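Examining the three-dimensional arrangement
Here is how the chains run, residue by residue.
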Amino acid sequence: TPRQAAVATAMSYAAKGSQISFVDVPAQDYYSANVFGKNVMKDRLPKSVYKSLMSTIDSGEKLDPEIADIVASAMKDWAMEKGATHYAHIFYPLTGATAEKHDSFLSPTTDGSTLSEFSGKQLIQGEPDGSSFPTGGIRVTSQARGYTIWDVTSPAYILENPNGATLCIPTAFVSWTGEALDKKTPVLRSMQALNKQAQRILKLFGHEDGAFVASTAGPEQEYFLVDRSFYYARPDLIAAGRTLFGSKPPKGQEFDDHYFGAIPERVLAFMMEAERELFKLGIPVKTRHNEVAPGQFEVAPVFESANVAADHQQLMMLILRKTAEKYGMSCLMHEKPFAGVNGSGKHVNWSLGSSSQGNMLSPGDTPHENAQFLVFCAAVIRAVYRHQGLLRAVVATAGNDHRLGANEAPPAIISIFLGDQLTDVFEQIKSGGANSSIPSGTLTVGVDVLPPLPKDAGDRNRTSPFAFTGNRFEFRAVGSNQSIAGPLVAMNTIIAESVDYCATTLEAAMGGDPAKLNSAVQSLLTEIINECSSVVFDGDGYSEEWHEEAEKRGLLNLKTTADALPQLLKPETVELFETYGVLSPRELHSRFETYVEQYCLSIDVEAALAVQIAKTQIFPAAIRYQSELAATCANLKAIGYEFDTDTLDAVTTLVKSLQDSIAKLEFAIADGEESEPMDCARHHCDAILPAMLEVRKYVDQLEGYVADDLWPLPTYAEMLFIK
Ligand code: ADP
Ligand code: MG
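Residues numbered from 1 in each chain as written. Chains lettered and ligands numbered in written order. Predicted model: local features only at pLDDT ≥ 70, side-chain atom pairs only at ≥ 80, totals over all residues.

Per an unreviewed UniProt entry, the protein goes by the name Glutamine synthetase and belongs to Aporhodopirellula rubra. In its Sequence similarities (unreviewed entry) section, the UniProt entry covering the protein states "Belongs to the glutamine synthetase family." (UniProt positions renumbered as here; feature names shortened; annotations may be inferred.)

Quick look at the overall build of the protein
Looking only at helices and strands, the protein has 23 helices and 20 strands in total. Against the compact-globule benchmark of 27 Å for 723 residues, the protein has a radius of gyration of 28 Å, which places it among compact chains. Within the span of the protein, comprising 723 residues, buried residues form 48% of the whole. For the protein, contacts bridging at least 24 residues in sequence account for 76% of all contacts bridging at least 6. (Helix = DSSP H or I, 4+ residues; strand = E, 2+ residues; numbered from the N terminus. Rg over C-alpha atoms; globule rule 2.2 N^0.38 Å. Buried ≥ 20, exposed ≤ 12 C-beta atoms within 10 Å, placed from the backbone. Contact = placed C-beta atoms within 7 Å.)

So, the site of ligand 1
What surrounds ligand 1 is a group of 15 residues, the closest being Thr216, Gly218, Phe303, Asn349 and Ser351. For the shell around ligand 1, the secondary structure elements donating two or more residues are β9 (214-227), β11 (296-301) and β14 (346-354). Here the shell around ligand 1 takes 4 residues from β9, the largest share from any one element. Each residue belonging to the shell around ligand 1 can be placed in one class, and the counts come to 6 nonpolar, 7 polar and 2 charged. (Near = placed C-beta within 6 Å. Nonpolar A, V, L, I, M, F, W, Y, C, P; charged D, E, K, R; others polar.)

Quick word on helix α19 (residues 571-579)
Buried within α19 we find Thr573, Leu576 and Phe577. Down the axis of α19, the sector holding all buried residues measures 85°, keeping them to one side. The outward face of α19, more than 90 degrees from its buried face, is lined by the exposed residues Pro571, Glu572 and Glu575. Taken together, the buried residues of α19 touch α13 (388-393), α15 (485-510) and α20 (585-638). Directly after α19, the chain includes Gly581, whose backbone phi takes a positive value near 65°. (Arc of directions from axis to C-beta.)

Quick word on helix α7 (residues 184-204)
The α-helix advances 3.6 residues per turn, and as a result positions three or four apart in sequence lie on the same side. Counted at 1.5 Å a residue, the expected span for α7 with its 21 residues is 30 Å, and the 31 Å between its end C-alpha atoms agrees. With 16 of its 21 residues buried, α7 lies for the most part within the structure. Gly206, located one to two residues past α7, shows a positive phi value of around 85°. (Expected span 1.5 Å × (residues − 1).)

Some details on the confidence of the model for the protein
Of all residues in the protein, 94% attain a pLDDT of 70 or more, and the chain-wide mean is 90. Below pLDDT 50 for its whole length, residues 434-455 participates in 28 contacts with residues either more than four positions away or in separate chains. In the model output, the complex is listed with pTM 0.94 alongside ipTM 0.95. (pLDDT = per-residue confidence, 0-100.)

Structural notes on the domain arrangement of the protein
The assigned domain composition of the protein is domain 1 (28-91 + 96-132 + 139-178), domain 2 (191-598) and domain 3 (599-721). Opposite the 17 residues of domain 1 that make contact, domain 2 presents 15 residues. By residue class, the composition of the side of domain 1 that touches domain 2 is 7 nonpolar, 9 polar and 1 charged. (Domains from an automatic or database assignment.)

Re the packing of α7 against helix α11 (residues 306-326)
The N-to-C vectors of α7 and α11 enclose an angle of 155°; their axes lie 9 Å apart at closest approach. Judged on the interaxial angle alone, α11 and α7 are roughly antiparallel. For the element pair α7 and α11, the recorded crossing hand is right-handed. Residue-level inspection shows Val187, Leu188 and Met191 of α7 in contact with α11, the latter providing Ala306, Asn307 and Ala310. Class assignment of the residues belonging to the contact of α7 with α11 gives a composition of 5 nonpolar, 1 polar and no charged. (Axes fitted to C-alpha atoms, helices over the stretch in contact; angles between N-to-C directions. Parallel < 35°, antiparallel > 145°, perpendicular 65-115°, else oblique. Left-handed = near helix turned anticlockwise from the far one by under 90°.)

Thoughts on the nonpolar core
Side chains of a nonpolar character, in soluble globular proteins, are inclined to be buried together. By size, the foremost hydrophobic cluster in this structure holds 210 residues, and its most contacted members are Met75, Ala378, Ile381, Val384, Leu488, Leu565 and Leu658. Ranked by residue count, the leading element in this core is α20, at 17 residues. The contact partners of Val384, leaving out residues within four places of it in the chain, are Leu391, Ile414, Ile416, Phe466 and Val535. (Core = buried A, V, L, I, M, F, W, Y, C linked by C-beta atoms within 7 Å.)

Here we look at the packing of helix α14 (residues 419-430) against helix α16 (residues 517-532)
Look at α14 against α16: their axes get within 8 Å of each other, and the N-to-C directions meet at 105°. When the axes of α14 and α16 are compared, the pair comes out roughly perpendicular. Mapping the contact onto sequence places Phe426, Ile429 and Lys430 in α14 and Leu525, Thr526, Ile529 and Asn530 in α16. Considered class by class, the residues forming the contact of α14 with α16 number 4 nonpolar, 2 polar and 1 charged.

What to know about the pairing of strand β8 (residues 164-175)
Among the 12 residues that make up β8, 9 are buried, leaving the element largely enclosed by the rest of the structure. When strand β6 (residues 146-150) meets β8, the two strands line up antiparallel, connected through 5 bridges. Residue Ile149 lies in a different strand from β8, and its bridge partner there is Ala172. Relative to β8, strand β7 (residues 157-161) runs antiparallel, the two sharing 5 bridges. Residue Glu160 lies in a different strand from β8, and its bridge partner there is Ala165. As consecutive antiparallel partners, β7 and β8 are separated by 2 residues. (Pairing = 2+ DSSP bridges.)

Topic: the environment of Leu181
Mapped onto the fold, Leu181 is located in the loop between β8 and α7. For Leu181, a count of 26 C-beta atoms within 10 Å puts it in the buried group. The spatial distance from the C-alpha of Leu181 to the C-alpha of Gly146 is 8.0 Å, given a sequence separation of 35 residues.

Observations concerning the environment of Thr185
Mapped onto the secondary structure, Thr185 falls in helix α7. Here Thr185 falls in the buried class, since 25 other C-beta atoms lie within 10 Å of it.

Describing unusual backbone geometry
The backbone phi angle of Ser32 is positive, close to 65°, even though this residue is not glycine. Relative to the helices and strands, Ser32 resides in the loop between α2 (27-30) and α3 (38-44). Owing to 19 C-beta atoms within 10 Å, Ser32 belongs among the partly exposed residues under this scheme.

If you want it as structure tokens, here you go:
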């Protein structure tokens, strides 16, 4: 069987990746080696051009088109010295993927030779034929003009391949009328909106330097690694990214022996090569470890400005996938590749900060600093309270539905965890008796030789979807396969709205008198915490009681993508995005339609696969075994033995049930030709998915009966444990 061949190949794996020596080339020499970063620009650009570019990158000034030719030419020279033959505008369509179109630097001349060329115009703007990217109706195919526009704030870089290199230029992708067709444009707009509102608060606290307040993001990426040969023997992994069948292995993650355990050698070698490549691209990878499930790992970079972090995250997924192949493995980023063991998420750590203020979600040393810190915290709490539905909708995908609300990921109910210290402060504020300073307790560890640790304001609560972790918030509901752009846009915008509200309230209460700041802050915090405290929850998010309690509190519990996506069209959401200039109603609507379509398409693929595998691989294996049993039974009877037919009966019943369930699934698929997008999503959620589960039930039961040498699919135990 293909399975036996896969096991044999996996067992005879011999390392093919490159030999990496950080002795010959120290790791720091790799850092940003392939990035057209500030240091390269400083070296290669005239001073005035460099200064002008920096004011765009650091302070959000408009780009001066006059300098584009000079920058382009410097970029081209640098890239060609590094072996690049082509340049590519990189953009981020609504599919969540990364798109690229390559153009050669060389142009033919009339005398029959060639000239290397890269003009400012080519740097600034491209026109890929984007007609086959989803647009949710914004751009009809006949006027399929889409433009890519250079994003100066995200550095260009060189991506190497075994035969050369490409200069990659991060861009925004918009329609000819300037409407966003991508994930990046709204990130940039939302960062601007947040900066504008944050400046107002800073001004009230006496900080008027105007340094750009950027949202920052540090995304932790979880993933699985399986041997390539298993991947190729599983059509479901190839086409859907997750296993549609497979029974729980005798040993799973029960012993908790994988989490933070020693990293297997082959995996470590892969990690080191991936990290070296990421380092070259200026992606500051920092942390690596085993995750909870067998075969599951995590990597996390140091946080960066949200826009750059989002681009880097896309690159990171690419590099992880590519490098895994070199080591004979497949990197699975699906949220739930294996039922019954933990799924993968992407914890997006979020904060806001500026060059002069530093991190604004970090508690300060003085009551004045802490008052400012508390205003920003309160703004976040208010934002999460008012826009729970939106936060749920931006993590709604077919893949993430298998994870959210299951027993390991955060629940589908969006609540916020503050930790003891912040909860304490807000409790005091609520009861009216608060002073705006944070008690700075210390935590005694109970071992005399250890010094007292500063009490970490963000003690851990892994069950919360949105947690304060000491100096940032961590949005844990994001799916491992998702672009982080959508969640960042949502966070930036809802928090911009709340910061706007806080600024307006404080300004009104103070009437221009700085002496009134403290009392104004006091009453603002009291008001917010009284209004929004129902969204604050510090208990166990996985528990039954929380589900009941959340319902009593009136919190939303949107279990599936089909339940969650309509939140995007709520009047308050439409108004939010329009007010802050992040997404027009038309752009928002196009996103809704695209995401509904993606949801249905993903499930269509899975359903078709389930039918195909069940019919052409499982059913034949099952009847072969059934006929073996029947033959044995007949033979024994012929020579006068009484044969116990229990197994034959069980297999026969299961085969019958399998056939029936396949027929039911085929019917559900055929019945799904609805016209309205939401009807289609509901049908996929309510009819097709349950029918798939039904097929799975019988397949997984058959796995427990059919002779091992007949079973065609690599098993969970094989995929998760053979390294
Ligand atoms: P843990 O697993 O304990 O949550 P990790 O070290 O795996 O911690 O990841 C924490 C992430 O939070 C890192 O990417 C880190 O850079 C990021 N982070 C730290 N400070 C900030 C901040 N101010 N803004 C955004 N992200 C931050
Ligand atoms: Mg972590």
